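# Chains, contacts and geometry: an overview
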Amino acid sequence: MQYTLKKVLNFIKFSDICHLFLALFVLPWALIAKIFIRDFWLICEEKNEARDNGYWFFKWVRENRPKQKTAYAINKKSNDFAKVKGLGRIIKYGSLSHWFWYIVADKNISSQKGGKPNAAVCYLFEVVFKMRKNNRIFLQHGVTVNKGEWLFYKNTRFKLFITAAAPEHEFVSENFGYPEDSVKLCGFARFDKLHDIEVDKDLILVMPSWRNWLGREAHDNKNNDFAASEYAIKWNEFLNSPKLAAILKNNNKRLLFFPHRNMQKFISYFSTDSENIEIAGSEKYDIQDILKKAALMITDYSSVFFDFAYMRKPVIFYQFDEKAFREKQYEEGFFDYHNSVLGKWADDSDSVISFMESALTEDCAGLSQDDIKTFFPLWDSDNCLRIYDCIKSL
């Protein structure tokens, strides 16, 4: 279903209206500047982040194509600001300057659909009224494995949709309504750094995804107790399993529990008595760093497992709420979690822990190149180069 003007207006906040006035104020000056400033690229991710495909692509461009005019938008109070401040022009996210360069930019490039000065106002400009030139490049945050209408062309109007896996490319091309040649299989920018890695054989990474029915409303509404949700109950059951604690202790292994950023606000609802388990906040760890270090991953539906599989490391899928997830959040896409060489599937914690124990006895043996070549035919360090050439060819 396409998001109509009436539907969008229902979500407009006072802050969005303020941003509309910022955009209108800077518009004439930006249009004049646009006459003189050509081929300028504006890159970003979430406002507080420089750790995903946007950051790695910006870094590559600055280091390998320094003559290309670029800027990176980020909250300058973010912990990630230090990573980009020495690379080139940095713009304060959501500021008047951000609006100015958003209008001036010949290409707006982001790993997030909402990577703009203000997502609501930009949606009106770009999709509802189609006032903004279609110059947006979607680098993606993760492999698109599910059929989410929010990424359909009618709801994004992306000029380019970058994919990383061969079946994903086919899936998006055939089902999301994009014009011919708009979906490009280039690989993810961050994949360039997933080849020369040092694995910590004692580190197990657990990364549950988010649930759209356990979002802000669940956190703010006192009548909707997150602690009573199946999500909280099942993951706490796993974290406090005596069998899990014993396996970790006897094998001298560490388990890092790192929920999706949309679930980080609920981090205090999770607890464990095991000294071998750490419940981690997003500010302490860089996702790509821990993905590269961990020897084994346990997740539910998070597409970040593709990064792990790309590095030829074993994955376990724990999907205790599969029916609810498919009904409430995402329709099933191209990937069959139940039967895949990329990982083992389970819907109960005992089976997950047994799979984990088996993997440890095999020293977390990795996948073969043949196991992943069907998914990643472009298994190299030239992803940023392909993305750059693809954007330049527009």
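This section reports on the structure supplied with the text. Predicted model only: the values in this text are computed from it and were never measured.

Helix and strand counts for the chain stand at 16 helices and 13 strands. Here the C-alpha atoms of the chain give a radius of gyration of 22 Å, agreeing with the 21 Å that 2.2 N^0.38 yields for 394 residues. Overall size of the chain, expressed as C-alpha extent along the three principal axes, is 65 × 50 × 40 Å. Across the chain, every contact between residues at least 6 apart in sequence was considered, and the portion connecting residues at least 24 apart equals 72%. On the chain, roughly 18,200 Å² of surface is accessible, and the fraction owed to carbon and sulfur atoms is 51%. Across the chain, the mean location of the 55 positive side-chain charges is 10 Å away from that of the 51 negative side-chain charges.

Here Leu 214 is to be found in the loop between strand E8 (200-207) and helix H8 (216-220). On the basis of relative accessibility, which here comes to 5%, the residue Leu 214 falls in the buried class. Sequence separation between Leu 214 and Asp 336 is 122 residues; the distance between their C-alpha atoms is 25 Å. Discounting chain neighbours no more than four positions away, the residues touching Leu 214 are Phe 226, Ser 229, Tyr 231, Met 263 and Phe 266.

A pair can form between side chains of opposite charge whenever their charged atoms are brought close. In total, this model carries 18 salt bridges according to the counting rule given. Here Arg 190 makes a salt bridge to Asp 52, at a shortest N to O gap of 2.5 Å. With Arg 190 in the loop between strand E7 (183-185) and E8 and Asp 52 in the loop between strand E1 (40-44) and helix H3 (53-64), this pair connects stretches of sequence that are 138 residues apart. Of the two residues, Arg 190 and Asp 52, neither departs from the other in class, the shared state being buried. When salt bridges that share partners are traced, they join Glu 46, Glu 49 and Arg 261 into one network.

Moving on, we get to the nonpolar core. Leu 205, Met 297, Phe 305, Phe 306, Phe 335 and Leu 342 are the most contacted members of the largest nonpolar core, which totals 37 residues. Where this core is concerned, the elements lending two or more residues are E8, helix H11 (287-293), strand E11 (294-299), helix H12 (305-310) and strand E12 (315-318). Excluding anything up to four places from it in sequence, Leu 205 contacts Leu 256, Phe 258, Ile 290, Leu 291, Ala 294, Leu 296, Met 297 and Ile 298.

Let us look at the sheet that holds strand E4 (residues 107-110). Spatially, seven strands are ordered E3-E2-E1-E4-E5-E6-E7 in an open sheet, and the strand pairing comes out parallel. The open sheet terminates on both sides in strands that have one partner only, identified here as strand E3 (89-92) and E7. Averaged over all adjacent pairs, the angle separating strand axes in this sheet is 25°, with direction ignored. In terms of strand pairing, E1 meets E4 through four bridges, oriented parallel. Bridge pairing links Trp 41 to Lys 107 in E4. Helix H7 (residues 166-175) contacts strand E6 (160-163) and E7 of the sheet and is inclined by roughly 170° relative to E7.

Criteria and cut-off values
- Residues numbered from 1 in each chain as written.
- Predicted model: local features only at pLDDT ≥ 70, side-chain atom pairs only at ≥ 80, totals over all residues.
- Heavy atoms only, no water.
- Helix = DSSP H or I, 4+ residues; strand = E, 2+ residues; numbered from the N terminus.
- Rg over C-alpha atoms; globule rule 2.2 N^0.38 Å.
- Contact = heavy atoms within 4.5 Å.
- Areas by Shrake-Rupley, 256 points an atom, 1.4 Å probe, with all protein chains shown as cover.
- Lys, Arg positive; Asp, Glu negative; His and termini not counted.
- Charge placed at Lys NZ, Arg CZ, Asp CG, Glu CD.
- Buried < 20%, exposed > 50% of the residue type's maximum accessible area, 1.4 Å probe, protein only.
- Salt bridge = Lys/Arg side-chain N within 4 Å of Asp/Glu carboxyl O.
- Core = buried A, V, L, I, M, F, W, Y, C linked by side-chain atoms within 4.5 Å.
- Pairing = 2+ DSSP bridges.
- Axes fitted to C-alpha atoms, helices over the stretch in contact; angles between N-to-C directions.

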